[in-house]
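Each chain is listed here by its residues.
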Amino acid sequence: MEIRRLTESDADSFWALRLRSLREEPMAFARSFEEDRTTPIEDIVRDFRTRWNSPESFILGAFIEGQLMGLVGFYRETRIKLRHKGGIWGMYVAPEARGQGLGRALLVELIARARQLPGLEQLHLSVVTRQLAARKLYESCGFVCYGLERWAFKLGDEYLDDEHLMLYL
């Protein structure tokens, strides 16, 4: 297993896995496959050059035998009063690679990188309450719940609750 920061040369494999995550796990993400599937790859390459190209905004990938099998994104808040916080988004491990420690390895690496950022004190993420394995992973890494948003997402006729978690660095 290899964990590394993704770059614009990974744009194709990133976008394929990201779209797969949205299609296969629709309840896990606020974004939807239907909204994102028409995004041109040029937009993703541009985002790697600009948006996800700093110590304060990046995407990590987990590779097995050279194939991208897991993702997690990080951003630091930019407003002065919020710069002590960072956010985690897009956590996903392909089903065939689950149970091998990829999710934990991605999260541990992200936390280690976040701890290097001067003045960063907290990490935040959200997880749909039904995502039991994800919730267990986050809690095992020290994240604690600070809020619950009832009916945060509506998927068809079904409402999903979103739990807000944080980790003090």
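Since this is a predicted model, take the numbers as computed values, not measurements.

Details of the sheet that holds strand S4 (residues 85-93)
Either a parallel or an antiparallel arrangement is found when strands of a sheet pair, and the pairing is made through backbone hydrogen bonds. Read across the sheet, seven strands follow the order S1-S2-S3-S4-S5-S7-S6 without closing on themselves; strand pairing throughout is mixed. Pairing within the sheet leaves two strands with one partner each, and these edge strands are strand S1 (2-5) and strand S6 (144-155). The average angle at which neighbouring strand axes cross in this sheet is 25 degrees, direction not considered. When S1 meets strand S2 (residues 57-64), the two strands line up antiparallel, connected through four bridges. Residue pairing for S2: Arg5 is matched across the bridge by Leu60. Set on the sheet, helix H1 (residues 11-24) makes contact with S2, strand S3 (67-76) and S4; between it and S3 the angle comes to about 85 degrees. The sheet strands contacting helix H5 (residues 132-140) are S4, strand S5 (122-128) and strand S7 (158-168), and the helix crosses S5 at an angle near 160 degrees.

Side note on the side chain of Arg76
Among the structural elements, Arg76 can be located in strand S3. Within the structure, the side chain of Arg76 is placed 2.7 Å from the backbone oxygen of Arg83, a separation counted as a polar contact.

As for unusual backbone geometry
Residues other than glycine seldom take positive phi values, yet Glu65 does so here, at roughly 50 degrees. You can see Glu65 is positioned in the loop between S2 and S3. Judged by its relative accessible area of 81%, Glu65 falls in the exposed class. Of note, Trp151 is a non-glycine position whose phi angle comes to about 55 degrees, a positive value. Relative to the helices and strands, Trp151 resides in strand S6. What makes Trp151 exposed here is its relative accessible area of 57%.

The rules behind these values
Residues numbered from 1 in each chain as written. Predicted model: local features only at pLDDT ≥ 70, side-chain atom pairs only at ≥ 80, totals over all residues. Heavy atoms only, no water. Pairing = 2+ DSSP bridges. Helix = DSSP H or I, 4+ residues; strand = E, 2+ residues; numbered from the N terminus. Axes fitted to C-alpha atoms, helices over the stretch in contact; angles between N-to-C directions. Contact = heavy atoms within 4.5 Å. Polar contact = N/O pair within 3.5 Å; in protein donor to acceptor, adjacent residues only side chain to side chain. Buried < 20%, exposed > 50% of the residue type's maximum accessible area, 1.4 Å probe, protein only.

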